[in-house]
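# Descriptive structure summary
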Amino acid sequence: MPELPEVQTIVTGLRPRLLGRPISDVRLLRRDIFHPPDLELPTLLAGRRIADVSRRGKKIIITLDNAQRFYIHLGMTGRLTLEASETPLLPHTHLILSLQPNQELRFRDPRRFGGIWWISGDCQADTNLGPEALDLKPADLSARLSKTRRAIKSALLDQSLIAGLGNIYADEALFAAGIHPTKRADRITRDQAAVLTRAIKQVLKRAIRHNGSTLRDYRDADGNSGDFQRLHRVYDRKGRPCHNCRTPIQRIVLTGRSTHFCPACQPRSAARR
DNA sequence: GTCCATGTTCTTTA
DNA sequence: CTAAAGAACATGGA
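Residues numbered from 1 in each chain as written. Chains lettered and ligands numbered in written order. Predicted model: local features only at pLDDT ≥ 70, side-chain atom pairs only at ≥ 80, totals over all residues. Heavy atoms only, no water.

## A look at the overall build of chain A
Secondary structure assignment for chain A yields six helices and eleven strands. Relative to the globule expectation of 19 Å for 273 residues, the C-alpha radius of gyration of chain A, 20 Å, shows essentially globular dimensions. Overall, chain A is about 70 × 35 × 30 Å in size when its C-alpha atoms are taken along their principal axes. A burial count over chain A gives 50% of its 273 residues as buried. (Helix = DSSP H or I, 4+ residues; strand = E, 2+ residues; numbered from the N terminus. Rg over C-alpha atoms; globule rule 2.2 N^0.38 Å. Buried < 20%, exposed > 50% of the residue type's maximum accessible area, 1.4 Å probe, protein only.)

Printed below as a string of structure tokens:
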């Protein structure tokens with residue numbers, strides 16, 4: 001569920017409230033969400049202070065006062081919330097970090113596609129990750145897209161090509177750029193790549209300003225919903241009129257993912273005259 | 001019961 | 001061999 005804007009919203013909310021605080025107790029309620037399995041997360045965290053909270057792609061990176069780091073990936077249904085200790089635990093809470101005097105950082109994830117990874121050696125925060133979507137250079141995007149024959153939509157979801165986009169924002173960015181989702185990635189022109197670069201950044205920045213999109217599961221660190229779903233142009237709008245031209249939005253399935261677009265505003269081939 | 005879901009990784013296919 | 005499609009993972013809601 002959480003893509004770059006949702007993860008950024010969580011990080012922005014947590015950082016000022018976590019910096020410098022000591023972790024007084026650690027409860028790992030499900031061991032199998034922590035990797036690698038041979039390390040003892042409670043031992044690694046006990047008594048440490050939080051030195052930084054940051055983001056890389058869709059990963060939330062926590063740095064400790066001894067410079068050791070781990071990251072949390074929220075998968076589809078993960079939540080990372082800062083709550084009063086007396087707040088009842090929701091089901092599927094897998095990790096609790098106690099922060100004095102009476103708060104807890106809680107990781108909850110019903111589907112368990114998410115998890116927590118200790119960073120060291122072969123597990124780095126940016127292993128197999130492309131450049132940050134917000135830092136993308138048009139020439140870089142163009143060069144990367146030229147190496148694959150996949151549909152552009154599928155390419156945008158590949159985190160090793162660009163880090164941060166997911167199913168919502170890939171669809172929204174392609175609409176903003178006027179590009180059909182099934183267009184072959186290696187047939188995107190340099191001009192189109194420049195337009196797409198701008199569209200990606202614009203969509204992501206707007207979504208961050210609106211605290212992300214809540215369709216079903218996403219909540220920020222305080223349990224609040226995002227707002228950007230109200231501004232979606234195509235995602236989850238099958239059959240509803242395009243905001244530009246009133247043509248009904250289409251939904252197709254592309255490499256297993258639902259894909260939404262306006263058949264008029266995103267023509268299969270660029271209009272020529 | 002069925003289908004669908006904001007993600008990633010492993011397996012199979014072409 | 002490799003790129004890309006498909007299946008799998010696990011849970012819950014419509």
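## Considering helix α1 (residues 4–18)
Its 15 residues place the ends of α1 20 Å apart at the C-alpha level, agreeing with the 21 Å of an ideal helix rising 1.5 Å per residue. Taken residue by residue, α1 has Leu4, Pro5, Glu6, Val7, Gln8, Thr9, Ile10, Val11, Leu14 and Leu18 as its buried positions. Positive phi appears at Gly20, one or two residues downstream of α1, with a value of about 80°. (Expected span 1.5 Å × (residues − 1).)

## Examining the state of the cysteines
Across all of its chains, the model carries zero disulfides by this definition. Free cysteine: Cys242, not disulfide-bonded; nearest cysteine sulfur from Cys265 at 3.6 Å. Given the relative accessible area of 0%, Cys242 is considered buried. (Disulfide = S-S within 2.5 Å.)

## What about the domain arrangement of chain A?
Domain annotation of chain A identifies domain 1 (4–119) and domain 2 (133–271). The distance between the C-alpha centroids of domain 1 and domain 2 comes to 29 Å. Across the contact, 18 residues belong to domain 1 and 21 residues belong to domain 2. Buried surface at the junction of domain 1 and domain 2, both sides included, amounts to about 1500 Å², of which 61% is carbon and sulfur. Across the pair Asp222 and Arg17 runs a salt bridge, and its minimum N-O distance is 2.9 Å. On the surface where domain 1 and domain 2 come into contact, there are eight residue pairs in polar contact (both at pLDDT 80 or more). Mapped onto the side of domain 1 that touches domain 2, the elements with two or more residues apiece are α1, β3 (50–56) and β6 (79–84). (Domains from an automatic or database assignment. Contact = heavy atoms within 4.5 Å. Buried area = accessible area lost by both parts, 1.4 Å probe. Salt bridge = Lys/Arg side-chain N within 4 Å of Asp/Glu carboxyl O. Polar contact = N/O pair within 3.5 Å; in protein donor to acceptor, adjacent residues only side chain to side chain.)

## Remarks on the protein's contact with DNA strand C
Taken together, His92, Pro110, Arg111, Arg112, Phe113, Thr148, Arg149, Arg150, Arg216 and Thr255 make up the full set of residues near DNA strand C. At 2.6 Å, a side-chain N or O of Arg111 approaches a base nitrogen of DNA strand C. Residue Arg216 places a side-chain N or O atom 3.3 Å away from a sugar or linking oxygen belonging to DNA strand C. When its residues are assigned to classes, the surface near DNA strand C shows two nonpolar, three polar and five charged. (Near = heavy atom within 4 Å. Nonpolar A, V, L, I, M, F, W, Y, C, P; charged D, E, K, R; others polar.)

## Comments concerning the sheet that holds strand β1 (residues 23–28)
Strand order in the open sheet formed by four strands is β1-β7-β8-β6, and the pairing between neighbours is antiparallel. Unpaired on one side and paired on the other, β1 and β6 mark the two borders of the sheet. In this sheet, adjacent strand axes meet at a mean angle of 20° when their direction is disregarded. Where β1 lies against strand β7 (residues 93–99), five bridges are found, and the strand directions are antiparallel. By the bridge assignment for β7, Ile23 is matched with Leu99. Packing against the sheet, α1 makes contact with β6, β7 and β8 (103–108), and its axis sits at approximately 40° to β6. (Pairing = 2+ DSSP bridges. Axes fitted to C-alpha atoms, helices over the stretch in contact; angles between N-to-C directions.)

## A few points about the sheet that holds strand β5 (residues 69–73)
Strand order in the open sheet made by the five strands is β2-β9-β5-β4-β3, with mixed pairing throughout. Only two strands of the sheet have a single partner each, and these edge strands are β2 (34–35) and β3. Where α1 meets the sheet, its contacts fall on β3 and β4 (59–64), and the angle it forms with β3 comes to roughly 170°.

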